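One-letter residues, chain by chain:
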2 protein chains.
Amino acid sequence: MKRQRTQRNVTMVDIATATGLSLATVGRVLHDTGYVSAESRKKIEAYIQKTGYVPNKIAQGLKSRQSKLIGHLVVFNPNMLFAKISLAVNAAAREQGLHVLTMTSHKGLEEDEALVNELIGHRVDGVVVTSNVSMPKAAIQKLVDRNIPVVMIERTLAVPRVDRIRVDDLGGARLAVQHLLDHGHRRVGFIGMHLFHEVERLRLAGYRDALLGAGQTAQDDLVRLMAEYSPEAGKQAMESFLAAPEPPTAVFATSDLFIGGVLQALHARGLRVPHDLSLVGYDDTLAAMFAPPITSVGLSLDDVGRQAIDLLLKRQPTPAASARTLTLGTVLIDRGSVACMA
Amino acid sequence: MKRQRTQRNVTMVDIATATGLSLATVGRVLHDTGYVSAESRKKIEAYIQKTGYVPNKIAQGLKSRQSKLIGHLVVFNPNMLFAKISLAVNAAAREQGLHVLTMTSHKGLEEDEALVNELIGHRVDGVVVTSNVSMPKAAIQKLVDRNIPVVMIERTLAVPRVDRIRVDDLGGARLAVQHLLDHGHRRVGFIGMHLFHEVERLRLAGYRDALLGAGQTAQDDLVRLMAEYSPEAGKQAMESFLAAPEPPTAVFATSDLFIGGVLQALHARGLRVPHDLSLVGYDDTLAAMFAPPITSVGLSLDDVGRQAIDLLLKRQPTPAASARTLTLGTVLIDRGSVACMA
DNA sequence: CGAAAATAAGTTAACGTTAACCTATGAAGC
DNA sequence: GCTTCATAGGTTAACGTTAACTTATTTTCG
């Protein structure tokens, strides 16, 4: 009945003493290097099999000064965009034998500093920042100063020696608005978020670009900048459009999160998409779920994870290289929520 | 111009030699234990401040045999449910000085075994499993055998010595269906997923319970079990209801992911919620975003993270305790998508 | 005044893995 | 018959932190 209270994990030393061989020989079997007799190998492998020995990554990390961990700072927003990125980063990391320490920031500035310190404490081999929150430049700088490679996804703030992966937001917005213009719409509404974040500035620029390209003048009376991405904000914006003297015939929303609210506002007045209003979303996270399904701008996130990890690993040997920026393309996913103007 | 290629991180030994004090004294300052003169303390703290020393958790982990990491095995499904749980687990872990190694499984059985081995390699202090995929019992057993505490969220499979946090799916489904019955509906449709997972069996049981309680007989012709949670599946199910000789007047869907499709099917025939069909969803992840907003059963996930971490930490001192199950309540969030039968 | 207690600090051995370095056999090769 | 080399294996010192010991000084007080 005697049972050790907290039985220790099997170690290489345990294997060595149990097989009567030395630590070095055990190491040689584990790493498949050097000369080991078939007999010794068999003995060691049998013992490993029997005990289910798993090498201790903590000890390996201490020795190699590499944690094989990467940090992922991410704020899950209400659509699945960042969750998708999280998934992609995880998969790509695993392919490289890395693991991901996910940290979700929700409070403000101070906490971000703390998060970064914790990542440093764990001696992460790199950090991916996926976030539209205002992580202070200083916090990121702290990582850079320690030669910890950093990649930022969907964050246009430039920091020296930090690689970025961004989406071609200007092009994406232009794609959406051009689609509306091509269907003969001339009064095109824009529902976006305040311009604190560069991504929104670019989307608005893309909207204006497309209008100007079609010989239209700026339609700033049809621009609504809300405080957040949410159905409520979308509803407010749409109601405000409907109350205007000359409402738009088409609307581009910079996030699929606005769509539900837009539809609710229309629904309340008995109006329908695309008959009474043409609508295009952005992200393509939710657009397929509405009735009717909504045309939206999809972001090519397929291998954003692999690219992020690639950038991190490439930076390792040459810490001082200048920053690279990778721009992901966008594609319009047509679901028929845009009608032709007669 | 000479610059060390990969300048090492500052260590306690560095602090000791730089200040002319011993390793032990540095340790005493860092842990605020024992006797240290004000002068020595000041010297050490100044050096720490200057160099930005951050303790190496890897070395601490090796010494203490505690990684301060917990593993989170999770499959992000298309609604935000699991992302929400991930967030909650992260926040709760951080409050306890733990960090989360997130692992997203997507392939099948074999990979799950590998994931578990990697968690063991990192010597995680506990594992949270949030997943409706079929992670083999054997993989979980492997963790249990090593006295690594495991908590399963929303997974009804019972494993010895593994704590569970589940949702009262039977009660939740009953709540939804009772709501429909209370409004006078007698032909109530059920859209769920195949009964491979216990959660779906419980939801179906809740549906039947409510019907029987109202003196109704089972309405198995109004039950549709789909292959996946998705708008497409919801659409198919609803179309099949509409093609039936006597369609239901109300529908309960076991996931908000079905709702979009249900609305699309209705929309195609010019039918409206709640006028032509009453609808209640489940999860309350997306229901608020539709037009009209849909009544749904919300899960009390607020402190699911804290509870998960609590269970893990409580299990630490007494590894052999029997399994506990925590059941989370549900609440009906009424958004008016249910009409009274005249 | 001397013993006990408080204060201040140093030494050293783990924790589990890796890798450089060393030793000892046979078997070829000249 | 000696050197060279391929084979098989052992010893040991890191990696950075912790904590148990040990060693001095001062105080405190019966």
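Preceding block: the structure.
What comes next concerns the included structure. (Residues numbered from 1 in each chain as written. Chains lettered and ligands numbered in written order. Predicted model: local features only at pLDDT ≥ 70, side-chain atom pairs only at ≥ 80, totals over all residues. Heavy atoms only, no water.)

**Observations concerning the protein's contact with DNA strand D**
Operational definition: Proximity is defined per residue: if any heavy atom of the residue lies within 4 Å of a molecule or strand, that residue is considered near it. Distance and chemistry together define a polar contact, namely a pair of N or O atoms within 3.5 Å, with one atom able to donate a hydrogen and the other to accept it when in protein, and with adjacent residues in sequence counting only for side-chain atoms on both sides. The secondary structure listing takes helices from DSSP runs of H or I that are at least 4 residues long and strands from runs of E that are at least 2 residues long, numbered from the N terminus. Asp, Glu, Lys and Arg are counted as charged, while Ala, Val, Leu, Ile, Met, Phe, Trp, Tyr, Cys and Pro are counted as nonpolar; the rest, among them Gly, fall into the polar class.
Of all residues adjacent to DNA strand D, which total 26 residues, the nearest are A:Ser22, A:Tyr35, A:Ser40, B:Met12 and B:Tyr53. Sugar plus phosphate: this is where 65% of the atoms of DNA strand D within 4 Å of the protein reside. In this structure, A:Lys63 approaches DNA strand D through a main-chain N or O atom, which is 3.5 Å from a base oxygen. Between DNA strand D and A:Arg65, the relevant distance is 3.5 Å, taken from a phosphate oxygen to a side-chain nitrogen or oxygen of the residue. Looking at the surface near DNA strand D, the elements that each hand over two or more residues are α2 (23–31) and α4 (57–64) of chain A together with α1 (12–19), α2 (23–31) and α4 (57–64) of chain B. In terms of residue count, the dominant contributor to the surface near DNA strand D is α2(A) (4 residues). Here the residues of the surface near DNA strand D sort into 12 nonpolar, 9 polar and 5 charged.

**Overview of the interface of chain B and chain A**
The criterion, for reference: Whether two residues are in contact is decided by their heavy atoms: any pair within 4.5 Å suffices. Using a 1.4 Å probe, buried area is obtained as the accessible area two parts lose upon being combined, added over both of them. Between Lys or Arg on one side and Asp or Glu on the other, a salt bridge is scored when a side-chain nitrogen of the former is within 4 Å of a carboxyl oxygen of the latter. Strands qualify as paired when DSSP identifies two bridges or more between them.
If you look at the interface, chain B gives 62 residues, while chain A gives 62 residues. Taking both sides of the interface into account, the surface hidden between chain B and chain A amounts to around 5400 Å²; carbon and sulfur atoms contribute 57%. Area buried by chain B at its contact with chain A is led by B:Ile58, B:Arg123 and B:Met289, which between them contribute 13% of it. Inspection of the region where chain B meets chain A yields 2 salt bridges. Between A:Arg94 and B:Glu118 there is a salt bridge, and its shortest N-O distance comes to 2.6 Å. Where chain B packs against chain A, one counts 19 residue pairs in polar contact (both at pLDDT 80 or more). Among the elements of the structure, α4, α5 (81–95), β2 (99–104), α6 (109–121) and α11 (259–268) of chain B are those that each provide at least two residues to the side of chain B that touches chain A. For the side of chain B that touches chain A, the residue count by class is 30 nonpolar, 22 polar and 10 charged. Bridge count between strand β2 (residues 99–104) of chain A and β2(B): 3 bridges; the pairing is antiparallel. Each residue of the ladder has a partner; that of A:Thr102, found in β2(B), is B:Val100.

**Section: unusual backbone geometry**
Residue and element names in this part refer to chain B. For clarity, the cut-off: Only protein chains enter the accessibility calculation, which uses a 1.4 Å probe. A residue is then buried if its area is under 20% of the maximum for its type, exposed if over 50%, and partly exposed in between.
Along the chain, Val273 connects to Pro274 via a cis peptide bond; the corresponding omega equals 0 degrees. One can find Pro274 in the loop between α11 and β9 (278–283). Residues other than glycine seldom take positive phi values, yet Lys68 does so here, at roughly 60 degrees. The topology assignment puts Lys68 in the loop between α4 and β1 (69–74). For Lys68, a relative accessible area of 34% corresponds to the partly exposed category. Although it is not a glycine, Arg123 sits at a positive phi angle of roughly 55 degrees. On the basis of relative accessible area, Arg123 is assigned to the buried category, the value being 12%.

**Describing the protein's contact with DNA strand C**
Residues in contact with DNA strand C amount to 26 residues; listed here are only the nearest, A:Met12, A:Tyr53, B:Ser22, B:Ser37 and B:Ser40. The sugar-phosphate portion of DNA strand C accounts for 65% of its atoms within 4 Å of the protein, the bases making up the rest. One of the backbone nitrogen or oxygen atoms of B:Ser22 is found 2.6 Å away from a phosphate oxygen of DNA strand C. For DNA strand C, a phosphate oxygen lies 2.6 Å from a polar atom in the backbone of B:Ser37. Those elements that place two or more of their residues in the surface near DNA strand C are α1 (12–19), α2 and α4 of chain A together with α2 and α4 of chain B. Among the elements that make up the surface near DNA strand C, the one with the highest residue count is α2(B) (4 residues). Classifying every residue of the surface near DNA strand C by side-chain character gives 12 nonpolar, 9 polar and 5 charged.

**Section: the side chain of A:Thr102**
Secondary-structure assignment places A:Thr102 in strand β2. Assessed through its relative accessible area of 2%, A:Thr102 is described here as buried. Within the structure, A:Thr102 has its side chain in polar contact with the side chain of B:Thr102 (distance 2.8 Å). When near neighbours in sequence (up to four residues on either side) are disregarded, A:Thr102 contacts A:His72, A:Val74, B:Asn90, B:Val100 and B:Thr102.

**Regarding the relation of the copies chain B and chain A**
Heads up, the condition is: Least squares is the method for superposing the copies, and the C-alpha atoms it fits come from residues with pLDDT of at least 70 in both.
Of the transformation placing chain B onto chain A, the axial shift is 0.0 Å and the rotation is 180 degrees, giving an RMSD of 0.1 Å. As the rotation angle and translation indicate, the two copies are arranged about a two-fold axis. Rotation axis and chain B: the residue whose C-alpha lies nearest the axis is B:Leu101, separated from it by 2.3 Å. When the interface residues of chain B are mapped onto chain A, 100% of them are again interface residues, pointing to one common binding face.

**Some thoughts on the environment of B:Ser278**
Residue and element names in this part refer to chain B. Along the chain, Ser278 falls in strand β9. You can call Ser278 buried: its relative accessible area is 0%. Each C-alpha atom of the pair Ser278 and Leu69 lies 47 Å from the other, and the pair is 209 residues apart in sequence. Excluding its chain neighbours within four sequence positions, the residues that come into contact with Ser278 are Leu180, His185, Thr249, Ala250, Val251, Ser337, Val338 and Ala339. Of note is the side chain of Ser278, whose polar atom sits 3.0 Å from the side chain of His185. Within the structure, the side chain of Ser278 is placed 2.8 Å from the backbone nitrogen of Ala339, a separation counted as a polar contact.

Geometric values such as these leave the question of function open.
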